[in-house]
Amino acid sequence: MVGLIVARSKNNVIGKNGEIPWKIKGEQKQFRELTTGNVVVMGRKSYEEIGHPLPNRKTIVVSRRKKYTGDNLVTVSSLQEAIEVAGDENIYIAGGCGLYEESMSLVDKMYITEVDLTIDDGDVFFPEFNVNDFDIAIGETSGDDIKYTRTIYTRKK
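Residues numbered from 1 in each chain as written. Predicted model: local features only at pLDDT ≥ 70, side-chain atom pairs only at ≥ 80, totals over all residues. Heavy atoms only, no water.

(A) Region of the structure containing unusual backbone geometry. The omega torsion across G95 and G96 is 0 degrees, close enough to zero to call that bond cis. Along the chain, G96 turns up in the loop between β6 (91-93) and α4 (97-103). Backbone geometry places N12, a non-glycine residue, at a positive phi of 70 degrees. By the secondary structure assignment, N12 is in the loop between β1 (2-8) and β2 (13-15). Under the relative-accessibility criterion, N12 is labelled buried at 11%. (Helix = DSSP H or I, 4+ residues; strand = E, 2+ residues; numbered from the N terminus. Buried < 20%, exposed > 50% of the residue type's maximum accessible area, 1.4 Å probe, protein only.)

See below:
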């Protein structure tokens, strides 16, 4: 299974000045639950924002410029190579924008946290996609000051 996991604002912003433009208690819980014990694929900038391999999962960084190695950490030069390295394991694409765009035709499921904010000065956006290609399941809505809704997009067969 190739999945994609992201949180986006109402206007599709996923980043601002190299960071996620919100801090919402509990919002990243789904990320940990889904990815633990699986493979997380991310681009170099996303990896550098985190700064370390993710615990209890294999982290594959896609980069043509730098090489990262460590426990459960490997660098590859393309998304296709990342998928090959992952083998039969569940894969979760975790950013950034370029990998999301490249993986859009490959994903079986997208786990999108819809954050109830509009970020006017965001500089990284989640790519547009055809919602008609997916069955949509609306999950829980949560959050204290800032609400967010879990949405699962499953590719139609």
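(B) Seen up close, the nonpolar core. Membership of the largest hydrophobic core comes to 25 residues, with the highest contact counts inside it found for L4, V41, I91, I93, M110, F126 and F129. Only β1, β3 (39-43), β4 (58-62), α3 (79-86), β6, α4 and β7 (109-115) provide two or more residues apiece to this core. With four residues, the single largest contributor to this core is α3. Here I91 is in contact with M1, V2, G3, V39, V41, I83 and A86, once residues within four sequence places are set aside. Of all hydrophobic cores here, the second largest spans twelve residues; its members include I5, M42, V61 and Y92. (Core = buried A, V, L, I, M, F, W, Y, C linked by side-chain atoms within 4.5 Å. Contact = heavy atoms within 4.5 Å.)

(C) Representation of the packing of aromatic side chains. Scanning the entire structure with this criterion turns up seven aromatic pairs. The interplanar angle of 65 degrees and the centroid separation of 5.2 Å between the aromatic rings of Y100 and F126 together place this pair among those described as edge-to-face. Of the two residues, Y100 sits in helix α4 while F126 sits in the loop between β8 (124-125) and β9 (134-142), which places them 26 residues apart along the sequence. Judged on exposure class, the residue Y100 and its partner F126 are both buried. Ring geometry for F134 and Y153: centres 6.3 Å apart, planes at 90 degrees, overall edge-to-face. (Phe/Tyr/Trp six-rings, centres within 6.5 Å; stacked < 30°, edge-to-face > 60°.)

(D) Representation of a nonpolar patch on the surface in the model. On the surface, a cluster of nonpolar side chains totalling about 280 Å² of accessible area is made up of V131, I136 and I138. Note on placement: V131 falls in the loop between β8 and β9. (Patch = residues over 30% accessible without salt bridge, like charges linked within 9 Å, V, L, I, M, F, W, Y side chains within 5 Å. Areas by Shrake-Rupley, 256 points an atom, 1.4 Å probe, with all protein chains shown as cover. Salt bridge = Lys/Arg side-chain N within 4 Å of Asp/Glu carboxyl O.)

(E) Layout of the pairing of β7. Burial analysis of β7 places five of its seven residues in the buried class, the great majority of the element. Pairing between β1 and β7: six bridges, direction parallel. Looking across to β7, one finds that A7 is bridged to T113. Both β7 and strand β10 (residues 148-155) contribute to a ladder of seven bridges, which runs antiparallel. Within β10, the position partnered with M110 by the bridge is Y153. (Pairing = 2+ DSSP bridges.)

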